[in-house]
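Here are the chains, one letter per residue:
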Amino acid sequence: MSLVTPSIDSRLAGIAPGFRALSILVEAAPITHPEVAAAALAQACQQMINDDVPWADAHLSGWDEVFKAFGAKPKRTPCSASALRKRVLKDGSLPPLDPVVDIYNAVSIRYAIPVGGENLAAYSGTPRLTLADGSEPFDTFKEGQPVVEHPEPGEVIWRDDTGVTCRRWNWRQGIRTRLDSQAQSMWFILESLPSMPLAALEEAGDELVNNLQRLMPGATAQVQMLTL
């Protein structure tokens, strides 16, 4: 398994001082214990409701401020962790979607952290976090139909050589690199701000890897810490 090192634009230091992330590359194996995913998701939802992590509010508020700093409106387009947790607060749980997706959503909910999951085989070049110039294509759905949109100039995006893979830092993922259980090369990014303890970020990464390896014994993982 070759190591993939995403790049982070140094200009983002002025938008999100102290930003750090775990980049985790996983080579998949056959899924033999799908029940692991449903259990992890259910447990994360209950832990969030009954025994939430102490940094949750501060961390998600910090992401709101980061979004505002590059011109996004977090009430309209919140970070991915906020969106998931709001659904849990409303409904009490999340319905299972896909075993791999359920596992990384569980980590996002439990630790109040945006977690992205990508099919690395669909990438053109290396993932990079940068500021958009507005010309980059972003493939998504609108009213049930596939469309190509473009980010706002100055918007923080994840992208590759082809175009945008995730808009507004971690708000909405594109279709082309979307991850599911059929992928063989899986890339995960856990994104944190200083209000989340570093030890908690590392624990979240450990939980993600451990649950994936319980889901599909034989899967291998490489973990890197990324900082600005």
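A brief structural summary. (Residues numbered from 1 in each chain as written. Predicted model: local features only at pLDDT ≥ 70, side-chain atom pairs only at ≥ 80, totals over all residues. Heavy atoms only, no water.)

### Looking at the packing of aromatic side chains
Our working rule: Pairing of aromatic rings covers Phe, Tyr and Trp, the last through its six-membered ring, and needs centres within 6.5 Å; plane angles under 30 degrees mean stacked, over 60 mean edge-to-face, and all others mean tilted. Under the DSSP-based scheme used, a helix requires at least four consecutive residues in state H or I and a strand at least two consecutive residues in state E, with every element numbered from the N terminus. Between buried and exposed lies partly exposed: a residue is buried under 20% and exposed over 50% of the maximum accessible area for its type, with that area taken using a 1.4 Å probe on protein chains only. Consider the ring centre and the ring normal. A charge sits over the ring if Lys NZ or Arg CZ is within 6 Å of that centre and within 35 degrees of that normal.
A full pass over the atoms with the stated rule returns nine aromatic pairs. Arranged with centres 6.5 Å apart and planes meeting at 40°, the rings of phenylalanine 70 and tryptophan 169 form a pair that is tilted. Pair noted here: phenylalanine 70 is in the loop between helix 2 (56-69) and helix 3 (80-91) and tryptophan 169 is in the loop between strand 8 (164-167) and strand 9 (172-173), with a separation of 99 residues, a long-range link. Arranged with centres 5.4 Å apart and planes meeting at 75°, the rings of tryptophan 158 and tryptophan 187 form a pair that is edge-to-face. Of this pair, tryptophan 158 sits in strand 7 (residues 156-159) while tryptophan 187 sits in strand 10 (residues 185-192); the two residues are 29 residues apart in sequence, bridging distant segments of the chain. You can call tryptophan 187 buried: its relative accessible area is 1%. In this structure, arginine 110 packs its charged tip against the face of tyrosine 111, placed 5.9 Å from the ring centre. Note that arginine 168 overlies the ring of tryptophan 171, its terminal NZ or CZ placed 4.8 Å from the centroid.

### With respect to the nonpolar core
Threshold: Side-chain atoms within 4.5 Å are what join buried Ala, Val, Leu, Ile, Met, Phe, Trp, Tyr and Cys residues into a set we call a nonpolar core. Working rule for contacts: check all heavy atoms of both residues, and any pair within 4.5 Å makes them a contact.
Counting 61 residues, the largest nonpolar core has Trp169, Phe188, Leu190 and Met216 as its most contacted members. Those elements giving two or more residues to this core turn out to be strand 2 (20-27), helix 1 (35-50), helix 2, helix 4 (99-111), strand 4 (128-131), strand 7, strand 10 and helix 5 (198-215). No other element matches the seven residues that helix 5 contributes to this core. Among all residues touching leucine 190, those that are not within four sequence positions of it are Arg20, Ala21, Leu22, Ile24, Val107, Ile113, Pro114, Val115, Leu201, Ala204, Gly205 and Leu208. Counting 10 residues, the second-largest nonpolar core is a separate cluster that includes Leu41, Cys45, Met48 and Val88.

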